[in-house]
Amino acid sequence: MKAVVFEKFGEAPTIQTVADPTPAQGGVVIKVEATGLCRSDWHGWMGHDDGIRLPHVPGHELAGVVVATGKQVTRWKPGERVTVPFAVGCGRCFECTSGNHQVCEHQFQPGFSAWGSFAEYVAIDHADTNLVRLPDKMEFATAASLGCRFVTSFRAIVDQGRVTPGEWVAVHGCGGVGLSAIMIASAMGANVIAIDLTDEKLDFASKIGAVATINASKTPNVVKAVKQITNGGAHMSMDALGHPTTSFNSIANLRRRGRHVQVGLMLGDHARPQIPMDKVIAFELEIRGSHGMQAYRYQAMMEMIRTGKLKPELLVGKRISLEEAPAALMAMGGFEGIGIGVVTKFQ
Ligand SMILES: [Zn+2]
Ligand SMILES: [Zn+2]
């Protein structure tokens, strides 16, 4: 099969012909029909992820068709259209058996702990626990765009952030994660403030549900601006970018008893950011992380998509071919264009 391969961290990946994958006993092989481009792939390529063994094939936001199944797989057969969360739970450890597959102790991560989906085929382990069937009408590109950023935002807003109607939600950063969070929080009945450095992304944020926007490049004090708009601070706030400044602002702009959820990755030099701990204590603030979402929680999200309350297809940005993927991956260190870029052509 054709795959995007990198031999060394930080060195240009190339398209290579490699052996087709075979399924593990509890796993499947999926013919990849669409795979999303994500900043996490860039982090992996840069060497920020300890789990990657070289040479490596990146890609973790995938959708496609099952073509082969391992002996122990009972729920899936060839021909079924599926997607999968990026953190694939083993189904047997304490976290999995208590329903928290997203933080499984032995998680399988395509594109990180194993070869990923920037390829014609990808092997996914623990299929019975983790595959998600696609609604007939859902396009592969839309399904691929769910796998990482949209589901992480769904969990961040609904399960970790516990957003309720009428609350103020501040979303720092309007890339794929931030725009997903804005759409989801607004569908939940919250009042959402979008914060970014570019008017273009803020205009788009308004179109998908933000009731207020702050351009941080033109606003000397973002925390003050959020407190003014919300009359005292956000109830829930999210750092969707993953930067010391946005993380700090997202905590500092909360009202008393507010909840911060960190979704943007903080790696390398950014792994230990400053936190206004004085405010965390005095205001009884909550700080939580959000790391993907369990396959069984997809159902609620899929129903909101099916009824049109959520429209992830609006967040699909550029569609490119596998040949264009190496250059696009290397460019992910900068800021993305609007929406989620997806590889949809593999030949
Ligand atoms: Zn597990
Ligand atoms: Zn991702």
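The rules we used
- Residues numbered from 1 in each chain as written.
- Chains lettered and ligands numbered in written order.
- Predicted model: local features only at pLDDT ≥ 70, side-chain atom pairs only at ≥ 80, totals over all residues.
- Heavy atoms only, no water.
- UniProt positions renumbered as here; feature names shortened; annotations may be inferred.
- Donors = N, O, S within 2.8 Å, 3.2 Å for Na, K, Ca; no water.
- Tetrahedral: all angles 85-135°; square planar, octahedral: opposite > 155°, others 65-115°.
- Helix = DSSP H or I, 4+ residues; strand = E, 2+ residues; numbered from the N terminus.
- Buried < 20%, exposed > 50% of the residue type's maximum accessible area, 1.4 Å probe, protein only.
- Contact = heavy atoms within 4.5 Å.
- Domains from an automatic or database assignment.
- Buried area = accessible area lost by both parts, 1.4 Å probe.
- Salt bridge = Lys/Arg side-chain N within 4 Å of Asp/Glu carboxyl O.
- Polar contact = N/O pair within 3.5 Å; in protein donor to acceptor, adjacent residues only side chain to side chain.
- Nonpolar A, V, L, I, M, F, W, Y, C, P; charged D, E, K, R; others polar.

If you check an unreviewed UniProt entry, the chain appears there as Alcohol dehydrogenase GroES domain protein from Mesorhizobium metallidurans STM 2683. Quoted verbatim from the Sequence similarities (unreviewed entry) field of UniProt, the annotation for the chain is "Belongs to the zinc-containing alcohol dehydrogenase family."

Every protein donor of the zinc ion (ligand 2) is listed here as Cys38 (SG), His60 (NE2), Glu61 (OE) and Cys148 (SG), and their distances to the metal cover 2.0 to 2.3 Å. Of note is the zinc ion (ligand 2), whose 4 donor atoms meet at the metal with angles of 93 to 123 degrees in an arrangement that counts as tetrahedral. In primary sequence terms, the donor set of the zinc ion (ligand 2) follows C-x21-H-E-x86-C. With His60 in the loop between α1 (39-46) and β4 (62-69) and Cys148 in helix α4 (residues 140-160), this residue pair connects regions lying 88 residues apart in the sequence. Of the two residues examined, His60 and Cys148, each falls in the buried class.

Buried residues dominate α1, accounting for 6 of its 8 residues. Ser40, Asp41, Trp42, His43, Gly44 and Trp45 are the residues of α1 that are buried. For α1, the secondary structure elements touched by its buried residues are β3 (28-36) and α11 (325-331). Count one or two residues on from α1 and you reach Gly47, which has phi positive near 90 degrees.

Let us look at the domain arrangement of the chain. Looking at the chain, the domain boundaries give domain 1 (2-148 + 293-345) and domain 2 (151-289). On the domain 2 side, the residues contacting the 28 residues of domain 1 number 20 residues. When residues of domain 1 are sorted by the area they lose upon contact with domain 2, Met293, Leu315 and Ile338 head the list and together hold 28% of the total. Along the contact surface separating domain 1 from domain 2 lie 1 salt bridge. The partner of Arg297 in a salt bridge is Asp159, with the nearest N and O atoms 2.7 Å apart. Along the contact surface separating domain 1 from domain 2 lie 3 residue pairs in polar contact (both at pLDDT 80 or more). At the level of secondary structure, the elements contributing two or more residues to the side of domain 1 that touches domain 2 comprise α1, α4 and α10 (298-306). For the side of domain 1 that touches domain 2, the element with the highest residue contribution is α10, accounting for 4 residues. Of the residues in the side of domain 1 that touches domain 2, the class split is 15 nonpolar, 9 polar and 4 charged.

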